[in-house]
Amino acid sequence: MNSTLAILAVLDGISYAALVFLVSVGLSLIFGVLRVVNVAHGSLYAFGAYLAATFSIKVAPVSPWLTYPALLAASIVIGVVCGGFIERFLLRPLYGRDDVLQLLITFAAFMIMDNLQRLIWGVQPIFAAEPLKLLPNVTVFGVNYTSYQVILLPVVALATLFGLRYFLRRTLAGAVILAVTEDREASTSIGIDARRVYFATFIIGASLAALGGALASPTTSLVPGMGADMIVLSFAVAATAGLGQIEGAALTALMIGLTRAFIIYLQPEFEVLVPYLLMVLVLLVRPFGLFGAVHVRKI
Amino acid sequence: MQYFKTALAAAAATAIFAGAALAQSKPQEIKIGIATFLSGPASVFGVPARAAAEMIAEDLNKKGGIGGVPVKLSFIDEGAGGEALVSNYRRMVQDEKVDATFAAISSGSCNQLVPVAEDLKVMNFMWDCGAASILETKKYRYNFRTQANGTPEMLAVLIYLLKTKPDFKTIAVVNQDYAWGRESWEIFSTALKAMKPDVQVVAELFPKFGAPDYSTEVSRLLALRPDVVLTTAWGGDLDTLVRQAGQRGLLQQSTFVLGIGESSIQRLGKDLPEGLIVGARGDHWFLHPEKKNDRAFKAFNEEFKAKTGAWPIYPVYHMAQAFKALQTAYDKAIKANGGNWPTREQVVDATAGTEFATGFGRPVKLRPEDNQGLEAQLVGVTKSFPGYDFKLLDNMMIFDPKVITNPAGVRSVEWLKTLKPEFAKMDVPTFKQ
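The shown structure was predicted, so the numbers you read here are calculated from the model rather than taken from an experiment.

Asker: How should I be thinking about the overall build of chain B in this particular structure?
Answerer: A tally of helices and strands in chain B yields 16 helices and 16 strands. Its C-alpha atoms give chain B a radius of gyration of 23 Å, near enough to 22 Å, the size a compact globule of 433 residues would have. C-alpha extents for chain B along the principal axes are approximately 85 × 45 × 45 Å. Relative to its full complement of 433 residues, chain B shows a buried share of 53%. Counting only contacts in chain B whose residues sit at least 6 apart along the sequence, the fraction spanning at least 24 positions is 71%.

Asker: Would you mind going over the overall build of chain A with me for this structure?
Answerer: If you tally the helices and strands in chain A, you get 12 helices and 2 strands. Mapped from its N terminus to its C terminus, chain A presents α and β elements in the order α-α-α-α-α-β-β-α-α-α-α-α-α-α. Since a compact globule built from 299 residues should have a radius of gyration of about 19 Å, the 19 Å found for chain A is in line with a globular shape. By its C-alpha atoms, chain A is 60 × 50 × 35 Å across when sized along the principal axes. Residue burial in chain A is summarised as follows: out of 299 residues, 50% are buried. Across chain A, contacts joining residues at least 24 apart in sequence account for 76% of those joining residues at least 6 apart.

Asker: How should the environment of Lys193 of chain B be read in this particular structure?
Answerer: All names here are of chain B. When you line up the elements, Lys193 lands in helix α7 (residues 179-195). Since 15 C-beta atoms lie within 10 Å of it, Lys193 is described here as partly exposed. Note: C-alpha distance between Lys193 and Ala51 (142 residues apart in sequence) is 41 Å.

Asker: Sorry, what's going on with the environment of Thr252 of chain A here?
Answerer: Residue and element names in this part refer to chain A. Inspection of the secondary structure puts Thr252 in helix α11 (residues 246-266). The class of Thr252 is buried, set by 30 C-beta atoms lying within 10 Å. For the pair formed by Thr252 and Ala241, sequence separation is 11 residues and the distance between their alpha carbons is 5.8 Å. Filtering out sequence-adjacent residues up to four positions away, Thr252 remains in contact with Val237, Thr240, Ala241 and Leu290.

Asker: Hey, could you run me through the sheet that holds strand β5 (residues 143-145) of chain B in this one?
Answerer: Working definition: the strands of a sheet are paired by backbone hydrogen bonds and lie parallel or antiparallel to each other. Residues and elements named next belong to chain B. Read across the open sheet, the 5 strands follow the order β2-β1-β3-β4-β5; overall the sheet is parallel. Strands with a single pairing partner mark the edges of an open sheet, and in this sheet they are β2 (71-77) and β5. The mean inter-strand angle of the sheet, taken between neighbouring strand axes irrespective of direction, is 20°. The pairing of strand β3 (residues 100-102) with strand β4 (residues 123-126) spans 3 bridges and is parallel. Paired with Ala100 across the strands is Met123, a residue of β4. Packing of helix α2 (residues 43-62) onto the sheet brings it into contact with β1 (30-36) and β2, and relative to β2 it is tilted by some 170°.

Asker: Please explain the domain arrangement of chain B as it appears in this structure.
Answerer: As a measure of interface size, the accessible area lost when the parts come together is often cited. Residues and elements named next belong to chain B. In terms of domain boundaries, chain B breaks down into domain 1 (30-129 + 292-360) and domain 2 (151-288 + 376-431). Its C-alpha centre places domain 1 at a distance of 28 Å from the equivalent point of domain 2. Those elements that provide at least two residues to the side of domain 1 that touches domain 2 are α2, α4 (107-120), α12 (295-308) and α13 (314-336). With 3 residues, α13 is the largest single contributor of residues to the side of domain 1 that touches domain 2.

Asker: How should the packing of helix α6 (residues 150-164) of chain B against α7 of chain B be read in this particular structure?
Answerer: Helix packing for two helices is described by the angle between their axes and how far apart those axes are. Residue and element names in this part refer to chain B. Closest axis-to-axis distance for the α6/α7 pair is 9 Å, and the angle between their directions is 45°. Accordingly, the angle class assigned to the pair α6 and α7 is oblique. Crossing geometry of α6 relative to α7 is assigned as right-handed. Between α6 and α7, the contacting residues are Gly150, Thr151, Met154, Leu155, Leu158 and Leu162 on the first element and Glu183, Ser184, Ile187, Phe188, Ala191, Leu192 and Met195 on the second. Counted by class, the contact of α6 with α7 contains 9 nonpolar, 3 polar and 1 charged residues.

Asker: Just to check I follow, could you spell out the interface of chain A and chain B for this structure?
Answerer: With 33 residues of chain A in contact, the opposing surface of chain B contributes 31 residues. Put simply, the parts of the chain that give the side of chain A that touches chain B at least two residues each are α1 (3-34), β2 (143-146), α10 (226-241) and α11 of chain A. In terms of residue count, α1 of chain A provides more of the side of chain A that touches chain B than any other element does, 5 residues in total.

Asker: Please clarify how the pairing of strand β9 (residues 255-258) of chain B should be interpreted in this entry.
Answerer: Within a regular beta strand, the side chains point alternately toward one face of the sheet and then the other, so they alternate between its two faces. Residues and elements named next belong to chain B. Inspection of the sheet shows strand β8 (residues 228-231) paired to β9 by 4 bridges, in the parallel sense. What sits directly across from Leu230, in β9, is Val257. Relative to strand β10 (residues 277-279), β9 is paired through 2 bridges, and the arrangement is parallel. When the sheet's bridge partners are listed, Leu258 is paired in β10 with Val278.

Asker: In this structure, what is going on with the sheet that holds strand β6 (residues 170-174) of chain B? I would like to understand it.
Answerer: Residue and element names in this part refer to chain B. The 8 strands lie next to each other as β7-β6-β8-β9-β10-β14-β15-β16, forming an open sheet whose pairing is mixed. At either margin of the open sheet sits one strand with a lone partner, and together these are β7 (200-205) and β16 (430-431). Of the strands in this sheet, β6, β7 and β8 are in contact with helix α8 (residues 215-224), which crosses β7 at around 170°.

Asker: Teacher, can you tell me more about the packing of helix α6 (residues 147-170) of chain A against helix α7 (residues 172-182) of chain A here?
Answerer: Residues and elements named next belong to chain A. Their axes nearest at 5 Å, the elements α6 and α7 cross at an angle of 80°. Relative to α7, the element α6 lies roughly perpendicular. Here Phe167, Leu168, Arg169 and Arg170 of α6 come into contact with α7, specifically with Gly174, Ile177 and Leu178. Residues of the contact of α6 with α7, tallied by class, amount to 4 nonpolar, 1 polar and 2 charged.

Asker: Could you clarify how one ought to interpret unusual backbone geometry in this entry?
Answerer: Excluding glycine, residues mostly carry a negative phi; peptide bonds, for their part, are mostly trans. Residues and elements named next belong to chain B. That bond from Ala103 to Ala104 is cis: its omega, 20°, falls within 30 degrees of zero. Topologically, Ala104 is positioned in the loop between β3 and α4. The phi dihedral of Arg225 falls on the positive side, at around 55°, and the residue is not glycine. By the element assignment, Arg225 lies in the loop between α8 and β8. Look at Arg225 and you get partly exposed, because 13 C-beta atoms sit within 10 Å.

Asker: Can you walk me through the pairing of β2 of chain B in this structure?
Answerer: All names here are of chain B. Here β1 runs beside β2; their pairing, made up of 7 bridges, is parallel. For Ala35, the partnering residue across the bridge sits in β2 and is Ile76. For the crossover that starts at β1, traverses α2 and ends in the parallel β2, the hand is right-handed.

Asker: Quick question: what am I supposed to make of α12 of chain B here?
Answerer: Each full turn of the α-helix corresponds to 3.6 residues, which orients residues three or four apart in the same direction. Residue and element names in this part refer to chain B. Here α12 is 14 residues long and its end C-alpha atoms lie 20 Å apart, about the 20 Å a rise of 1.5 Å per residue gives. Taken as a whole, α12 has its buried residues at Phe297, Phe300, Asn301 and Phe304. The arc enclosing the buried residues of α12, seen along the axis, measures out at 95°, which places them on a common side. For α12, exposure combined with an orientation more than 90 degrees from the buried face picks out Arg295, Ala299 and Ala306.

Asker: Mind showing me how you'd approach the environment of Arg220 of chain B here?
Answerer: Counting through the fold element by element, Arg220 of chain B comes out in helix α8. C-beta crowding within 10 Å serves as the criterion here: with 24 such atoms nearby, Arg220 of chain B is assigned to the buried category. Here the alpha-carbon distance between Arg220 of chain B and Glu375 of chain B, two residues 155 residues apart in the chain, equals 37 Å. Apart from residues no more than four positions distant in its own chain, Arg220 of chain B is found in contact with Ile264 and Tyr265 of chain A together with Ala203 of chain B.

What counts as what
- Residues numbered from 1 in each chain as written.
- Chains lettered and ligands numbered in written order.
- Predicted model: local features only at pLDDT ≥ 70, side-chain atom pairs only at ≥ 80, totals over all residues.
- Helix = DSSP H or I, 4+ residues; strand = E, 2+ residues; numbered from the N terminus.
- Rg over C-alpha atoms; globule rule 2.2 N^0.38 Å.
- Buried ≥ 20, exposed ≤ 12 C-beta atoms within 10 Å, placed from the backbone.
- Contact = placed C-beta atoms within 7 Å.
- Pairing = 2+ DSSP bridges.
- Axes fitted to C-alpha atoms, helices over the stretch in contact; angles between N-to-C directions.
- Domains from an automatic or database assignment.
- Parallel < 35°, antiparallel > 145°, perpendicular 65-115°, else oblique.
- Left-handed = near helix turned anticlockwise from the far one by under 90°.
- Nonpolar A, V, L, I, M, F, W, Y, C, P; charged D, E, K, R; others polar.
- Right-handed = clockwise from strand over helix to strand, strands pointing away.
- Expected span 1.5 Å × (residues − 1).
- Arc of directions from axis to C-beta.

See the structure below:
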């Protein structure tokens, strides 16, 4: 492989990693704070994508540039409505009970949302590429790239990463979330409403999943089953990074993106295996993931 | 005298058997069980096919049904897959007591259900699955394929390519990583090697089924600059690949061949450029050059468009073929039975070797040696025409199925290896849109 192809592979890898990170970071955040493995995350991604496409198709005739705020609006709507509903009515009654119940209830939510998606948007693929078409292509060594994929998506991913870091470490609301994550009982005893923290965190995580879908929607066909594919990949990223590790999710997404891109250039037969091979290799060496830490159980 | 006694005994025996047949009373309805994708990515085929089945059954019943008996449909979801699909199929046959089944779209489903149908002695029409191997490895009594298999479908596309772009030197493939993606490439590449051995395969890419992103594959192909890019992907995967390739100029750089792209043309709309070679899994096209002025064909297409919002695609016509095959078989069996209602076994007997015509394409014959349908293949090239917000097919060739289907008893790949470059020079009628 010559250096030209290597640079092309790096660009492809970064673009893919950006999207993977945007989808998986919400899953990591929710697990980090609520200790809930949210199987419905894939459905939130799919709903975000479908609603963003619906909004884009509606506003594009008015002004194509309105499609960008439409993507953001769709993410927030899905995060607040669907995320809020799942947390308030499905998960809240189960806090403190067996973890398996949370897994089952989010799986049930996933199945219900998968069917709802078909009822609302049908089964034919939907494509709404207006936001992508608005930005020009860039040419690297004679190969065209869309700036949406090689510039915009990585920039949004980096902004999300640093925005989350800032929010959690430099703001009062972030400090409250971290306090609840660290010790729910102690934080409750000093007057923090843990329920509200869980509710808000779940909505943020759900909005991030929906944002991943919304940003993916201009680049891909929206089809039934798209959420299931993404949840598997998100779990692989979250598990490799260490559940709850936001920076770890970013690094893992980058590892997966770059390895996948190089594999496609060198040995495309192994493309499908890349995320899972990486996961197995990392977990064999570090069972709690790249950035995960061993937790001491309180007796 | 001895001769007279023997003749009398034979006549008596005939009368007894005929009596048994005569005793077969006309049922209140013919129950048809249909396996189709109602969930998952392949529902892009399965749901329009279900709409077609309901429409055809309604029209058929308005005209008196089959042999004067109305048909009643029940559906099972192929999306359930695995054991659930087999259980549902068994339930449909044993509990609902369907008279015939149409199963299925996926070759994986067909591989599972064909032996079950044989075991349960229920007539099954493989109405859409394309794996050639199913009927090549075993002779079945109750299973028939009412359309072509992957071999003529891919061979027609290849011959079209060789006829229209004879000078290409390099090719790359981007297929979905599952049975059809792999098998269709095996068929295509084997025939290509036999008929044009100097072509170099520069990339064989098999991205994950349902992959949301083909950016890296597109980059690699842009760097490799192959003369031809083949894909037999379908549904959302094909739409995504074509759009991502189009946005980055790959569709303009290489000649794209969409092996079964007919089903995506309407959805891709203006994003599909001119000059792409498109196969139709049969001679299926809502503006079929030999049928487009036919009143019944137009009425069917318009009724389907009114019902679903889109013109019919190939699974719709495949569904129509299954119904027509069943109707033809029943009519034949009733006639053979002296106008009386036939037994199930008599209907199966009548199905073998039957020829039927939906009127939506050329007639299809079920080859008696292996129950394989011989179905014509239509291939064309995309072109803009006024009045349509999507590309139409132009310079269409319709291939004779008898010429491009492997003979009964000969495995597809073995037959393809025997082809010579002259094979691609066959005369094929060409039609303008």
